[in-house]
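# Structural overview
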Amino acid sequence: HQWLLQTDTQFPADFREKFVDKNLVPRVVRPLEQFPDVENIQQIGLWCLHNLCIEEKGQRAVMDCGALQVGVAAVECFPDSEAVLAEALALFHHATFMDGKATRKLRRLGLVPRIMTAMNQFADVAPIQLRACYLLANLTEKKKARKLVVDYEGVVLVLNTVKHFHDNEDIVEMAVEALHNVVTEGDAATKKRFVLEEGVETISQAMQEFPNNKKLAEFGPALLELGSSTTCAP
C-alpha cells in the first residue's frame, strides 16, 4: 500500500493505448464490482483505472464502463483507507480533466462532501491533499460544485491545506487554483469568509514562497485583491 502511495510509476503510453483499444477496461472494473469489500482489490483496481484514463481515449473508456460509480462506492466502503482514497481521488482527477460530463456525474454521485471529509480526516497526508486539490480545481470550474464546496466548509479546509503544506509547491498551486475558482466566483459572504480566515495573508505568503510559479501568478492576484474589496467590508 505504501509503495503504491509513493510511486510515480505509470503504465507506458503504448500499453495504455493497446489496453483501451482491446476493450479491456471493463475487465478491470468487473472485479471491483464483484469484490466491493476487499480493500486490496479496490486499491489496485483504482490504481489501474487512474493510469488508464490519463489520455482522452482512456477517459471515455473509463466513463463508459461505470468506473466512476465504482470509485465512489469504494470511497464510501473504505473511508478510513489512505490507499483507497488516494487512488480513487487520482482516478477522479484524471477523469474530470477537461471533461464536464465526468464532473457533473461525480457531483451527482455526492463526491464533493466526501472530498471534504477526506481532506479533514487526512489533513497531514500529502498524497491525499494533493490529489484532492487537483480534483477540486477541476470540479470547481462548475457553479454547482463551487456552491457545494462552500456549503461543506471547503474554503476553510483548502486554506488550511495551503497553510499546513506551505513548502509543498504542487499542493499549494492546486489549492490556490481551487480557491480562486470558488472564492472569486462566490458571493459576498464567501469572499468575506476567505478574508476573515486569513486567506489574503496565506496567498501572499505562498506567492512569496514560490515567486516563479505560473499558476500562483495567474490565480493569486485576484485573491489578493479581495483584501481591499468593498464586498468584504464588515
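My aim in this report is to walk through the structure given alongside it, one point at a time. What you see is a predicted model, and the numbers here were worked out from it, not measured in a lab. (Residues numbered from 1 in each chain as written. Predicted model: local features only at pLDDT ≥ 70, side-chain atom pairs only at ≥ 80, totals over all residues. Heavy atoms only, no water.)

## A few points about the environment of Leu46
The criterion, for reference: The way it works is that DSSP assigns letters per residue, a run of H or I at least four long becomes a helix, a run of E at least two long becomes a strand, and they are numbered from the N terminus. Should any heavy atoms of two residues lie within 4.5 Å, those residues are considered in contact.
One can find Leu46 in helix H4 (residues 39-52). Leaving out residues up to four positions away in the same chain, Leu46 has contacts with Leu32, Gly71, Ala74, Val84, Glu87, Ala88 and Leu91.

## Topic: unusual backbone geometry
The criterion, for reference: Burial classification: accessible surface area is computed with a 1.4 Å probe over protein chains only, and a residue below 20% of its type maximum counts as buried, one above 50% as exposed, and the rest as partly exposed.
At Met98, a position not held by glycine, the phi torsion is positive, near 55 degrees. Tracing the backbone shows Met98 in the loop between helix H7 (82-96) and helix H8 (100-108). A positive phi angle, near 60 degrees, is found at Glu153, a position not held by glycine. Position of Glu153 among the secondary structure elements: in the loop between helix H11 (143-151) and helix H12 (154-164). Judged by its relative accessible area of 38%, Glu153 is partly exposed.

## Looking at the pattern of salt bridges
Rules: Salt bridge criterion: a side-chain nitrogen from Lys or Arg within 4 Å of a carboxyl oxygen from Asp or Glu.
Tallied over the entire structure, the rule returns 10 salt bridges. For Glu153, the salt bridge goes to Arg193, with nearest N and O atoms at 3.0 Å. In this pair, Glu153 sits in the loop between H11 and H12 while Arg193 sits in helix H14 (residues 188-196), placing the two residues 40 residues apart along the sequence. Within this structure, Glu153, Arg193 and Glu197 form a network of salt bridges that share partners.

## Some points on helix H9 (residues 111-121)
Selection criterion: Working note: the arc is built from the helix axis to C-beta atom directions.
Those residues of H9 not exposed but buried are Leu111, Val112, Ile115, Met116, Ala118 and Met119. Projection of H9 onto a plane perpendicular to its axis shows the buried side chains occupying an angular sector of 165 degrees, all on one side. Here the buried face of H9 lies against helix H6 (67-77), H7, H8, helix H10 (126-139), H11 and H12.

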